[in-house]
Amino acid sequence: MLKKAMIMAAGVGSRLEPLSSVVPKPLVPLANIPAMDILVKHLLSYGIKDVIANTYHRAEDIINHYKENSLGINFHSITETELSGTAGGVKKCQFFFDKDEDFIIMSGDGLTDINITEAYKSHKTSGSIATIVTKDVEHKEVSKYGIIVPDEKGYVKSFQEKPSLAEAKSNLANTGIYIFNYKIFDFIPENTFYDFAKNVFPSIMEAGLKINTYTHYGYWSDIGSIEQYKQSNIDILKNQVSSIKVDTKSLDSCEYVCGDNFIKDLTSTIEGTCVFGKNCKIGKNSKIKNSVLWDNIEVMDNIEIENSIILPNTVIKENIKDSIIKE
């Protein structure tokens, strides 16, 4: 089986602002658990204990989070002084991997329950140095993703970057999950901004080599936007992500999860799906609906919060709807 993994954790996360201004994108909490923790635990469930991450934005936060972790991984990292592209970042971690061995690459802000064993079997059977994990998305969504067009045997025939609905030749989105053989480094130059989709994969095909695809039919989300962040929390609470189980509580018409020291007055109500971090206090006659409250939030009396995200250390004194509230 695979022994080592790399987690790409250097992204700034501009589309997740202001969430990513509070914590780095890979540590944004999903149902009160940092996204990258969920990913690490998933890797561990397949026996992958040796993990390296490339960091850049708020690098110290990520490094300190895993420096003395209780998760059971052997964590290593590099810090980029300037971003070097998806492939450039992997090249800087070449020293971590063993020659002639395969390894897996995953995105630090991804949420998935991919069967790594089955993906690896597909990779080995194909004989390719690279396997791209794809996800069949709805046709109306193809313009949001890099699209992979496979041939009848599952090898990559062509790529389409965010095609229009009329131009799309496939519904298979590139998830950014890759399984590589060490030989992939032969196609990535040192100290150069380099991208897998734009540079590495075309070079492999130009050399007459095949790139394998493995289609994942379970859950996958790239958590690339505020709306996707909200939806990912809902999906976890509704047990649609098999790689993570949380202590979801049900009350009347709602499902919610809460951290330590959660206090709600008996006169207040929760509706839809909600997340409450630790040290959250809900006052009298208030209503929280379809919202995510991070740690250390106090909601005063007679307040309604709907479809919103409340960031840490905040006191809410007025009604909030369809908003993100920062301290």
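For the structure, see preceding data.
The structure displayed is predicted, hence computed values, not measured ones. (Residues numbered from 1 in each chain as written. Predicted model: local features only at pLDDT ≥ 70, side-chain atom pairs only at ≥ 80, totals over all residues. Heavy atoms only, no water.)

> Help me understand the overall build of the chain in this model?
Secondary structure assignment for the chain yields seven helices and 26 strands. Rg of the C-alpha trace for the chain: 21 Å, near the compact-globule value of 20 Å for 327 residues, within the 12% margin. Taken over the C-alpha atoms alone, the chain extends approximately 70 × 45 × 30 Å along its principal axes. In the chain, the proportion of contacts linking residues at least 24 apart, taken out of those at least 6 apart, comes to 57%. When the accessible surface of the chain is split by element, carbon and sulfur atoms take 45% of a total near 15,100 Å². (Helix = DSSP H or I, 4+ residues; strand = E, 2+ residues; numbered from the N terminus. Rg over C-alpha atoms; globule rule 2.2 N^0.38 Å. Contact = heavy atoms within 4.5 Å. Areas by Shrake-Rupley, 256 points an atom, 1.4 Å probe, with all protein chains shown as cover.)

> Sorry, what's going on with the nonpolar core here?
If you look at soluble globular proteins, the nonpolar side chains tend to sit buried side by side. Membership of the largest hydrophobic core comes to 33 residues, with the highest contact counts inside it found for Ile 7, Met 36, Leu 43, Tyr 66, Ile 104 and Ile 114. Those elements giving two or more residues to this core turn out to be β1 (4–9), α2 (35–44), β4 (50–55), α3 (59–67), β6 (102–107), α5 (116–126) and β11 (172–181). Counting residues per element, this core draws most heavily on α2, which supplies four residues. Filtering out sequence-adjacent residues up to four positions away, Tyr 66 remains in contact with Leu 27, Met 36, Asp 37, Val 40, Leu 71, Ile 73 and Phe 75. Ile 78, Phe 96, Ile 184 and Phe 201 belong to the second-largest nonpolar core, a separate cluster that totals 29 residues. (Core = buried A, V, L, I, M, F, W, Y, C linked by side-chain atoms within 4.5 Å. Buried < 20%, exposed > 50% of the residue type's maximum accessible area, 1.4 Å probe, protein only.)

> What's the story with a nonpolar patch on the surface in this structure? I'm lost.
Among the surface-exposed residues, Val 12, Tyr 56, Leu 83 and Phe 193 lie close enough to one another that they form a single nonpolar patch of about 350 Å² accessible area. Assessed through its relative accessible area of 37%, Leu 83 is described here as partly exposed. (Patch = residues over 30% accessible without salt bridge, like charges linked within 9 Å, V, L, I, M, F, W, Y side chains within 5 Å. Salt bridge = Lys/Arg side-chain N within 4 Å of Asp/Glu carboxyl O.)

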